[in-house]
Amino acid sequence: MSSALESIRRDFGGEVIEPGAAEYEAAARSVLVVGSPVCVLRPESVEDVQAAVRFAAGSGLRLAVRGGGHAFPGFGTNDGGVVIDLGRLASVEIVDAGRHLVRIGGGATWGAVAAALAPHGLAISSGDTKSVGVGGLTLSGGIGWKVRKYGLALDSLVGAQLVTADGSVVRAGATENAELFWALRGGGGNFGIVTAFEFAAHPTTDIFFGRMTFPAAEAATVLQGWAEYLRTAPEELTAIVTCANPFAGGPEAPVEIHLAYDGDDADAAAAAIDPIRRLGTVLEDAVVPTPAAEILQDGMTPPPGIRITTRSGFVAKESVAEALRILADVATSERSPVISIRSVGGAVARVPADATAYAHRQAELMIVTMTVGPAPVVEGARPGLDAIWSRLAPHVSGAYANFLTTATEEDVAAVYPAATYERLAAVKREYDPGNLFAGNHNIRW
């Protein structure tokens, strides 16, 4: 391996980090997982990515590709393999002001994108965390504060440049390698390393943003009323409900409704938000006009020894009432996980089901549970968590790849229904027949 590393140094303009280097410990870990790779490669250019991919393919070692590094399963690192860290390919450039076309490097984070676009009055529907990578979020979906008005992050994608398993540079868009473009919008990192994304941004204003809280005792009525209202609410309004916040009392924690009204008209915002204020006893109301670039929150790296496990599932309209009844019951019981319920629908549902590889267009809600703590605590909570999801099973379907801690065959089947998987497998066969890009919710053909 040492001779192979010496060889890549001749073709690689970026940084090669090996065990023993001062920066190795930081470079070897992703945000949530500590790894011990043979080397971390930090390319400075597309040519460097090509060289790194060829090196990884020739080495026979496992490959991990890191953008923001937030993947819960730790896809951005590994043990004994090669990591390609895209952090230096992070430019954000408006390439066509008239069309609001933005070109973003594969290693950029959404916080950097928001900051770069803000002076131009532009934004892209993304997630909710500044340090999350553009690549990982977009390639698997992108559910955030503008989702009901502008759709998923991947719905604003108009083109991509990627390096495939043989080291070739390929461009994909609606009229060029269209099937690959279909697969990139939901198929994760299975097909190559995206070195640049092209998005159609949209004009934006300040956003009415913040949270309201209600007593935990009112969880059942607040949840049902919230979900029912979202069916007719303006699409400018997106909301996330959080229950059982461990930092606010666990099962006694207030129900938190985090809101984003995408517009700066105070009267229109009040008309959209007031029905939520009437759902119950408001304990806190902190919804205020906020610059669009500031609605993304800072990310957090867990302290050493702290683990996070998360599961997700989608809820169709006919199952909403029963799923929320179960969640209200769980949230106010001892040892509840953190529960997050995200509103979708709107612009997401208007995209045809087979237009992209994201397969859950008609869901009204996405449910996420999260358990945080030292390994013994997380492991001890597993039976209870399994029991919760067993209760939910008749009322949920699928899974959202960006909120899964595991990447089992069952997880992959939940993320990709059979018809979607079959189509993705055909694209995989063409662009990565040897499954070099296996560090993901993996498609095998």
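Residues numbered from 1 in each chain as written. Predicted model: local features only at pLDDT ≥ 70, side-chain atom pairs only at ≥ 80, totals over all residues. Heavy atoms only, no water.

In plain terms, the rule: UniProt positions are given in the numbering used here, feature names are shortened, and annotations may be inferred rather than shown by experiment.
Looking at an unreviewed UniProt entry, the protein carries the name FAD-binding oxidoreductase, with the source organism given as Kribbella turkmenica. The UniProt entry for the protein carries the following text under Cofactor (unreviewed entry): "FAD".

### Quick notes on the packing of aromatic side chains
For clarity, the cut-off: Centres within 6.5 Å make a pair out of two Phe, Tyr or Trp rings, where for Trp the six-membered ring is used; the pair is then stacked when the planes are under 30 degrees apart, edge-to-face when over 60, and tilted otherwise. Secondary structure counts use DSSP, requiring at least four H or I residues in a row for a helix and at least two E residues in a row for a strand, with both numbered from the N terminus. Burial here depends on accessible area, computed with a 1.4 Å probe over protein chains only, as a share of the maximum for the residue type. Under 20% is buried, over 50% is exposed, and the range in between is partly exposed. Any Lys NZ or Arg CZ found within 6 Å of a ring centre and within 35 degrees of that ring's normal is scored as a charge over the ring.
This structure, assessed with the given rule, holds 8 aromatic pairs. Measuring from ring centre to ring centre gives 5.7 Å for Trp-110 and Phe-199, while their planes differ by 65°; the resulting arrangement is edge-to-face. Separated by 89 residues along the polypeptide, Trp-110 in helix 4 (residues 110–117) and Phe-199 in strand 10 (residues 193–200) bring together distant segments of the chain. No difference in accessibility class separates Trp-110 from Phe-199, as the two residues are buried. Between Tyr-358 and Tyr-400, the aromatic rings sit 6.5 Å apart at their centres with planes inclined by 75°, giving edge-to-face as the arrangement. Here Tyr-358, found in the loop between strand 18 (338–343) and strand 19 (365–374), pairs with Tyr-400, found in the loop between helix 11 (375–392) and helix 12 (409–415); they are 42 residues apart in sequence, far enough to count as distant. The same class applies to Tyr-358 as to Tyr-400, namely buried. Here the aromatic residues Phe-72, Phe-314, Tyr-358, Tyr-400 and Phe-403 are joined through ring pairs into a cluster of three or more. For the cation-ring pair, Arg-185 lies above Phe-181, with the distance from its terminal atom to the ring centre recorded as 3.9 Å. Seen from the ring of Trp-182, Arg-423 lies directly overhead, with NZ or CZ sitting 3.9 Å from the centre.

### Overview of helix 3 (residues 46–59)
Counted only if it meets this: Expected helix span is taken as 1.5 Å per residue step, with the number of steps being one fewer than the number of residues.
With 14 residues, helix 3 ought to run about 20 Å at 1.5 Å a step, and its terminal C-alpha atoms sit 20 Å apart, in line with that. Along helix 3, the residues classified as buried are Asp-48, Val-49, Gln-50, Ala-51, Ala-52, Val-53, Phe-55 and Ala-56. Downstream of helix 3 by a residue or two, Gly-60 has a phi angle that is positive, lying close to 75°.

### So, the side chain of Asn-245
Defined as follows: Two residues qualify as a contact provided that any one of their heavy atoms is within 4.5 Å of a heavy atom in the partner residue.
Structurally, the position occupied by Asn-245 is in the loop between strand 13 (237–243) and strand 14 (255–261). Residues in contact with Asn-245, not counting those within four places in the same chain, are Gly-250, Ala-253 and Glu-256.

### Brief notes about the pattern of salt bridges
Keep this limit in mind: Just to be clear on terms, a salt bridge is a Lys or Arg side-chain nitrogen sitting within 4 Å of an Asp or Glu carboxyl oxygen.
Using the criterion set out here, one finds 27 salt bridges in the structure. Glu-15 is the partner of Arg-42 in a salt bridge, and the nearest nitrogen-oxygen pair spans 3.6 Å. Here the residue Arg-42 occupies a position in strand 2 (residues 39–42), and Glu-15 occupies one in strand 1 (residues 15–17), the gap between them amounting to 27 residues. Residues Arg-42 and Glu-15 agree in their burial class; the two are buried. For Arg-342, the salt bridge goes to Asp-128, with nearest N and O atoms at 2.6 Å. Placement of Arg-342 in strand 18 and of Asp-128 in the loop between strand 7 (122–123) and helix 5 (134–140) is noted, with a sequence separation of 214 residues between them. By relative accessible area, which is 9% here, Arg-342 ends up buried. On the accessibility criterion, Asp-128 (17% relative accessible area) is buried. Here the salt bridges share partners, and the residues they tie into one network are Glu-15, Arg-42, Glu-44, Arg-66, Asp-85 and Arg-88.

### Examining helix 11
The condition is simple: Throughout, bend refers to the angle between the axes fitted to the seven residues that end at a position and the seven residues that start at it.
Across its 18 residues, helix 11 extends 25 Å between first and last C-alpha, which sits within 8% of the 26 Å expected from 1.5 Å per residue. Along helix 11, the sharpest change in direction is near 40° and occurs at Arg-382; proline Pro-383 comes one to four residues later. Of the positions making up helix 11, those classed as buried are Val-378, Leu-385, Ile-388, Trp-389 and Leu-392. Buried residues in helix 11 make contact with strand 17 (306–315), helix 10 (320–331) and strand 19.

### Examining the UniProt feature "domain: FAD-binding PCMH-type" (unreviewed entry) in the protein
Here the UniProt-annotated "domain: FAD-binding PCMH-type" (unreviewed entry) positions come out as residues 33–204. This span, residues 33–204, is 23% helix and 27% strand, and a straight line between its end C-alpha atoms measures 35 Å.

### Considerations on the sheet that holds strand 6 (residues 101–105)
The pairing of strands in a sheet comes from backbone hydrogen bonds and takes either a parallel or an antiparallel form. Rules: When DSSP finds two or more bridges between two strands, those strands count as paired. Note on method: axes are straight lines fitted to C-alpha atoms, helices fitted across the in-contact stretch only, with angles between N-to-C directions ranging 0 to 180 degrees.
The strand order 5-6-10-8-9 describes an open sheet built from 5 strands, whose pairing is antiparallel. Whereas interior strands pair on both sides, the edge strands pair on one side only; in this sheet they are strand 5 (92–96) and strand 9 (169–173). Each strand axis lies, on average, 20° off the axis of its neighbour in the sheet, ignoring direction. Of the pairings in the sheet, the one linking strand 6 to strand 10 comprises 5 bridges and is antiparallel in character. Residue Gly-105 lies in a different strand from strand 10, and its bridge partner there is Ala-196. Along the sheet, helix 3 contacts strand 8 (157–163), strand 9 and strand 10; its crossing angle with strand 8, the most-contacted strand, is approximately 55°. In the packing of helix 4 onto the sheet, the strands contacted are strand 5, strand 6 and strand 10, and the crossing angle to strand 5 comes to about 50°.

### Thoughts on the pairing of strand 14
Counting buried residues in strand 14 gives 6 out of 7 residues, a clear majority hidden from the surface. Sheet analysis places strand 12 (residues 207–214) next to strand 14, joined by 7 bridges and oriented antiparallel. Pairing of Phe-209 across the sheet is with Ala-260, part of strand 14. Of the strand pairs in this sheet, strand 13 and strand 14 are connected by 6 bridges, and their pairing is antiparallel. Within the sheet, the bridge partner assigned to Thr-242 lies in strand 14 and is Glu-256.

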